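# Structural characterization, general
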Amino acid sequence: MSKKRRYNTKSLYFSSRITRALEGILDHPLTIIEAPMGYGKTTSVREYLRNAGVDMLWLRVYDNGAASFWNGFARLFCELDDNRSQSLAHLRLPDDDISRHEVIKLIKGINLPGKTVFVIDDYHHINIPGVNSFIELLAENKIDRLHIVLTTRIAKFQRLEEFVLKGCLHHIKKETFELMPHEIMTYYKTCGITLSESEAQQLYADTEGWISALHLIMLEYAAKGSYTPAESIYKLIEKAVYIPLPGEIKEFLVTLCIFDCFTLKQAIYMWGKENAGRFLDQLTGNNSFVKYESRYKTYHIHAIFIEFLKEVLERKGVSHQINLYRKAARWFMENGDYLSARRFYYECGDFDGILLALEEDKSNDYSVLNKELLKKYMAECPDKVKSRHHRALLIYAMHLFVHKELELFHKTCSQLSVNIERDEGLDPGMRNRLLGEFELLLSFAEFNDLKKMSARHRKAWQLLNQPTTIYDTGTNWTFGSPSVLSLYYRESGRLEEHIRDLKEAMPHFNRLTKGHGSGAEYVMEAESCFNQGNFENAEIAAQKALLKAQSGMDENIVFSAQYFQLLIAFMKGDLSRVMELMNKMHEGMTGSREDNFIHTVEICEGCIYAYLDQKDRIPERLLEVDLGKPRLRFPAYPFYNVMYGRMLLIKGEYLELIGSAEHFISICSVFSNLLGYIYTYIYLAAAYRKIFREEEALSSVKKALDIAMPDKQYMLFVENCDYIGPLLKKIAAGGSYREDIAKILTLYKTFKRSKEQMIREYFTEYKPSLTQREMEIARLAAAGMTNIEIGKQLFISTNTVKMTLKSIYAKLSINSRVLLQQHLSNLG
């Protein structure tokens with residue numbers, strides 16, 4: 001090698017092969033760039049996109065945290081559409097088909113200014129179920145002007161070859177990034193070093209074209225005028241990058257290597273000196289292994305360098321590491337990131353710190369990932385430490401109940417009871433408050449026995465005499481089910497008593513939880529009245545529920561009340577009102593912070609279209625959802641199966657329905673959900689009849705009648721008379737349930753007439769045409785404009801826009817702007 005006077009070792013070089021490969025990004029919806037660490041994936045993509053004249057959304061993944069990944073994903077869109085960005089954040093990570101499609105709808109609604117490339121850097125850190133499926137679905141949708149790029153060390157996708165053949169995927173592999181000898185010569189010349197062919201061949205033999213190794217060798221050569229061949233990458237980093245640094249900066253980097261990324265304030269806190277900012281300026285200015293992300297105001301150390309620094313940290317001994325982790329945990333505690341605080345307390349074995357962070361955590365993250373982490377921490381936490389943290393055990397037990405970890409829940413409750421009893425240091429006031437919170441916790445263990453639950457609530461209030469500070473009143477009271485009756489109807493012949501019990505119980509629960517669940521008692525009353533065919537009283541009770549829920553600001557009860565208003569409108573044959581209410585529910589779901597509402601609205605929509613026999617309008621994803629994975633809490637599963645079973649019927653999946661019945665029954669049996677039992681037996685009867693097994697069909701429908709008729713729950717049978725009508729007539733002819741079946745068949749005439757009227761008027765091949773003004777508003781709404789923006793553009797009031805959209809939805813028998821977009825797209 002012959003030296004020039006000046007070197008520019010930070011010069012970037014991209015071979016023509018790399019450039020050609022990267023050009024394919026804009027020709028495909030998805031590009032996966034797969035190569036080991038240090039091959040220049042990130043730098044190549046960033047520089048290419050900067051020069052390509054596209055809008056770039058960049059997300060770097062630092063760990064396997066589902067929440068941090070999804071929050072970062074959602075934040076990327078805030079500058080383009082803040083409302084949809086917040087909606088994405090509220091939905092949380094989509095882990096099933098329903099939520100994935102909901103996210104796709106939101107992203108499709110974002111108005112991209114031009115060609116936009118969304119990069120997920122270091123994608124290999126993600127090991128979260130469902131994320132790959134979401135990325136695949138995003139690619140398959142081929143959203144206009146949106147291109148996705150994943151940089152990863154390894155691509156763990158099952159359908160890579162299929163996606164390449166479909167033209168959905170551009171796959172760039174390691175070989176593209178390996179520099180050939182002539183490219184090594186060009187690279188070094190760009191940096192001010194001239195190589196002979198033999199020297200380039202030797203470097204290629206030593207590095208196999210690995211750009212990081214070539215760069216480090218260049219640094220060594222620039223400093224010494226020579227290099228030592230065949231050294232490991234870590235030795236090269238040590239010699240070329242680490243050793244030349246001043247001693248204090250070395251210590252500074254070792255202090256910060258425990259973070260995936262960090263802010264200036266974080267660096268000052270950890271280092272303990274104000275010169276942290278000066279060090280970072282020096283490092284980012286002179287060292288290509290420390291980068292600054294101006295968008296997020298964070299620094300990160302290159303993955304190769306950080307691994308080397310962690311080895312240095314290990315050599316400093318366990319005591320030094322523990323002190324560093326503990327200080328990091330305190331930083332996260334002081335800044336309200338309790339999930340990260342628990343992680344760092346765990347790294348230094350500080351279980352008191354873990355439980356303190358749990359007690360301080362007000363976010364109540366009920367995700368599966370958080371629950372699994374808590375289980376891990378608690379399993380290793382000594383009992384002596386647990387005995388000092390009663391509130392932490394209360395919170396932990398609530399997580400266990402929500403996720404149906406009932407055995408561990410009861411074990412934790414027993415341990416908590418003993419701990420409180422033995423704690424002689426508790427003053428009477430604090431003891432009572434803890435016992436009051438414990439009583440509220442135990443009320444969930446009594447689910448769904450209303451008398452026992454209410455007794456616990458009254459006792460909890462006597463002890464607390466103030467609202468709970470443990471139970472998250474933002475949690476969905478109905479667990480995501482639109483039906484309250486499905487949750488609390490547990491004994492045949494005692495439904496009216498159950499409703500009275502709920503009316504007596506709710507005031508005690510409301511004051512404990514600042515109004516949580518307001519109106520639930522009237523929803524249950526509305527359901528019972530509706531099922532008995534008493535539609536007038538059902539409508540009155542639903543309105544009471546709606547007003548009480550709105551005053552108590554309980555969105556999930558609002559959804560439940562709206563669903564039964566929707567069913568009442570259905571019985572009147574008023575599909576315009578049905579669609580109006582469905583649209584309200586969709587709008588409410590979009591603005592909600594509770595991700596379970598996705599399924600609540602989808603279930604309601606699925607039921608309505610299933611009653612109308614509109615197989616093609618039922619979202620296919622509802623049938624594809626794994627029965628164990630809908631984003632609902634366990635008590636809501638029985639009503640989910642009500643919708644699912646009816647859909648299987650109208651799809652003609654009779655054998656699958658019969659095969660699923662045992663699963664449906666097992667879910668209902670956990671909390672004795674009678675509504676789920678009744679519907680399951682009705683669906684079984686319908687399916688058996690369709691495959692000509694009359695005896696089993698009659699037996700199943702008799703089981704349903706035996707449970708439902710003591711409480712006059714007629715509408716469950718009415719909704720399915722198109723399948724079981726002949727069976728009911730045969731049973732009545734045999735002398736059983738004659739009056740009840742006569743009532744069912746009478747109600748069915750009304751139901752059938754309304755259903756046929758709506759199908760005739762709204763579900764024909766030819767839709768009513770839109771007026772010129774309606775078409776104008778429809779196009780603007782489909783383009784993503786808000787009602788206010790449409791009104792300003794057309795010089796009409798917002799209310800006029802709102803009313804016109806209602807008319808459009810009714811004419812087209814749709815209930816959302818996404819469906820409106822699809823309709824206009826079909827029109828061309």
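Below you will find a few notes about this structure. (Residues numbered from 1 in each chain as written. Predicted model: local features only at pLDDT ≥ 70, side-chain atom pairs only at ≥ 80, totals over all residues. Heavy atoms only, no water.)

A few words now on the overall build of the protein chain. Along the protein chain, the regular secondary structure elements total 44 helices and 9 strands. For the protein chain, whose C-alpha radius of gyration is 32 Å, the value lies close to the compact-globule estimate of 28 Å for 828 residues. Overall, the C-alpha framework of the protein chain stretches about 105 × 75 × 60 Å when taken along its three principal axes. Buried residues in the protein chain amount to 57% of all 828 residues. Considering only contacts within the protein chain whose residues lie at least 6 apart along the sequence, 71% involve residues at least 24 apart. Taken as a whole, the protein chain presents about 35,500 Å² of accessible surface, with 49% of it coming from carbon and sulfur. Both charge centroids of the protein chain, one from 106 positive and one from 104 negative side chains, sit 2 Å from each other. (Helix = DSSP H or I, 4+ residues; strand = E, 2+ residues; numbered from the N terminus. Rg over C-alpha atoms; globule rule 2.2 N^0.38 Å. Buried < 20%, exposed > 50% of the residue type's maximum accessible area, 1.4 Å probe, protein only. Contact = heavy atoms within 4.5 Å. Areas by Shrake-Rupley, 256 points an atom, 1.4 Å probe, with all protein chains shown as cover. Lys, Arg positive; Asp, Glu negative; His and termini not counted. Charge placed at Lys NZ, Arg CZ, Asp CG, Glu CD.)

Time to look at the sheet that holds strand β5 (residues 146-152). To summarise the sheet geometry, strands pair through backbone hydrogen bonds and adopt either a parallel or an antiparallel arrangement. Taken together, 5 strands build an open sheet; the order of strands is β3-β4-β5-β2-β6 and the sheet is parallel. Single-partner strands in this sheet number two, and they are β3 (55-60) and β6 (169-172). Mean inter-strand twist for the sheet, computed between neighbouring axes without regard to direction, equals 15°. Note that strand β2 (residues 30-34) and β5 share 5 bridges and pair parallel. Considered in β5, the bridge of Leu-30 is made with Ile-148. The strands touched by helix α6 (residues 131-140) within the sheet are β2, β4 (116-121) and β5, with β5 carrying the most contacts at an inclination of about 145°. (Pairing = 2+ DSSP bridges. Axes fitted to C-alpha atoms, helices over the stretch in contact; angles between N-to-C directions.)

In total, this model carries 44 aromatic pairs according to the counting rule given. Ring geometry for Tyr-39 versus Trp-210: centroids 5.9 Å apart, planes at 20°, classification stacked. You can see Tyr-39 sitting in the loop between β2 and α2 (41-51) and its partner Trp-210 sitting in the loop between α10 (197-207) and α11 (211-224), a full 171 residues away along the chain. Here the aromatic rings of Tyr-563 and Phe-564 are separated by 5.2 Å at their centres, their planes lie at 75°, and the arrangement is edge-to-face. Residue classification places Tyr-563 among the buried residues on the basis of a relative accessible area of 1%. (Phe/Tyr/Trp six-rings, centres within 6.5 Å; stacked < 30°, edge-to-face > 60°.)

For the rest of this paragraph, the subject is the side chain of Ser-754. Mapped onto the secondary structure, Ser-754 falls in helix α40 (residues 738-762). With relative accessibility at 6%, the residue Ser-754 sits in the buried group. Those residues within four positions of Ser-754 in sequence are excluded, and the remaining contacts are Phe-570, Met-571, Lys-572 and Gly-573.

What follows is about the pairing of strand β8 (residues 290-293). Within a regular strand, the side chains alternate between the two sheet faces. Sheet topology places β8 next to strand β9 (residues 298-301); 4 bridges connect them, and they run antiparallel. Of the residues in β9, the one forming a bridge with Glu-293 is Thr-298. Taking the residues between adjacent antiparallel strands as the criterion, β8 and β9 are bridged by 4 residues, where Lys-297 takes a positive phi near 55°.

Moving on: helix α14 (residues 264-271). Within the span of α14, buried status applies to Gln-266, Ala-267, Met-270 and Trp-271. Looking straight down α14, one finds its buried side chains confined to an arc of 120°; they lie on one side. The positive-phi residue at the C-terminal boundary of α14 is Gly-272, with phi of around 80°. (Arc of directions from axis to C-beta.)

Looking now at the packing of helix α35 (residues 654-671) against helix α36 (residues 674-690). The N-to-C vectors of α35 and α36 enclose an angle of 165°; their axes lie 9 Å apart at closest approach. It follows that α35 is roughly antiparallel to α36 by the angle criterion. Judged by the twist between their axes, the crossing of α35 over α36 is left-handed. Of the residues in α36, those in contact with Tyr-654, Leu-657, Ile-658, Ala-661, Phe-664, Ile-665, Cys-668 and Ser-669 of α35 are Gly-676, Tyr-677, Thr-680, Tyr-681, Tyr-683, Leu-684, Ala-687, Tyr-688 and Lys-690. (Parallel < 35°, antiparallel > 145°, perpendicular 65-115°, else oblique. Left-handed = near helix turned anticlockwise from the far one by under 90°.)

Attention now moves to the pairing of β2. Judged by how many residues are buried, β2 sits mostly within the fold: 5 of 5 residues are covered. Alternating positions in β2 separate into two faces, Leu-30, Ile-32 and Glu-34 on one and Thr-31 and Ile-33 on the other, with burial throughout. With 4 bridges joining them, β2 and β6 adopt parallel strand pairing. Across the sheet, residue Leu-30 finds its bridge partner in β6, namely Leu-169.

Right, let's talk about the pattern of salt bridges for a bit. This structure, assessed with the given rule, holds 40 salt bridges. A salt bridge links Arg-84 to Asp-81, with the nearest nitrogen and oxygen atoms 2.6 Å apart. Between Asp-613 and Arg-646 there is a salt bridge, and its shortest N-O distance comes to 3.2 Å. Residue Asp-613 is found in the loop between α32 (597-611) and α33 (620-624), and its partner Arg-646 is found in helix α34 (residues 637-651); the two are separated by 33 residues along the sequence. Here the salt bridges share partners, and the residues they tie into one network are Glu-136, Glu-140, Arg-159, Glu-162 and Lys-166. (Salt bridge = Lys/Arg side-chain N within 4 Å of Asp/Glu carboxyl O.)

Within the largest apolar cluster, 216 residues are counted, with the highest numbers of intra-cluster contacts made by Tyr-188, Phe-305, Phe-717 and Ile-724. Here the element with the most residues in this core is α36; it accounts for 13 residues. Setting aside residues no more than four positions away along its own chain, Phe-717 makes contact with Ile-678, Ile-682, Val-701, Ala-704, Leu-705, Ala-708, Met-709, Ile-724, Leu-728 and Ile-744. Counting residues in hydrophobic clusters, the runner-up holds 42 residues, among them Val-61, Leu-106, Val-131 and Leu-138. (Core = buried A, V, L, I, M, F, W, Y, C linked by side-chain atoms within 4.5 Å.)

Moving on, we get to the environment of Lys-386. Looking at where Lys-386 falls in the secondary structure, it is placed in helix α21 (residues 383-386). Sequence-wise, Lys-386 and Ser-518 are 132 residues apart; in three dimensions their C-alpha atoms are separated by 35 Å. Dropping the residues within four chain positions of it, Lys-386 is found in contact with Leu-355, Met-378, Cys-381, Leu-393, Gln-415 and Asn-419.

Along the chain, Gln-543 falls in helix α29 (residues 535-551). Given the relative accessible area of 34%, Gln-543 is considered partly exposed. Each C-alpha atom of the pair Gln-543 and Gln-562 lies 8.6 Å from the other, and the pair is 19 residues apart in sequence.

Residue Phe-447 is joined to Asn-448 through a cis peptide bond whose omega torsion reads 0°. Among the secondary structure elements, Asn-448 is positioned in the loop between α24 (428-445) and α25 (450-464). Of note in the backbone geometry, Asp-122 takes a positive phi value of approximately 60° without being a glycine. Along the chain, the position of Asp-122 falls in the loop between β4 and α6.

Attention now moves to helix α19 (residues 351-360). The buried count for α19 comes to 7 of 10 residues, which makes it a mostly enclosed element. Within α19 the residues assigned to the buried category are Phe-351, Gly-353, Ile-354, Leu-355, Ala-357, Leu-358 and Glu-359. The secondary structure elements touched by the buried residues of α19 are α17 (318-334), α18 (338-347), α20 (368-380), α21 and α22 (390-402). N-cap assignment for α19: the residue whose side-chain oxygen lies 3.3 Å from the backbone N of Asp-352 is Asp-350. (Polar contact = N/O pair within 3.5 Å; in protein donor to acceptor, adjacent residues only side chain to side chain.)

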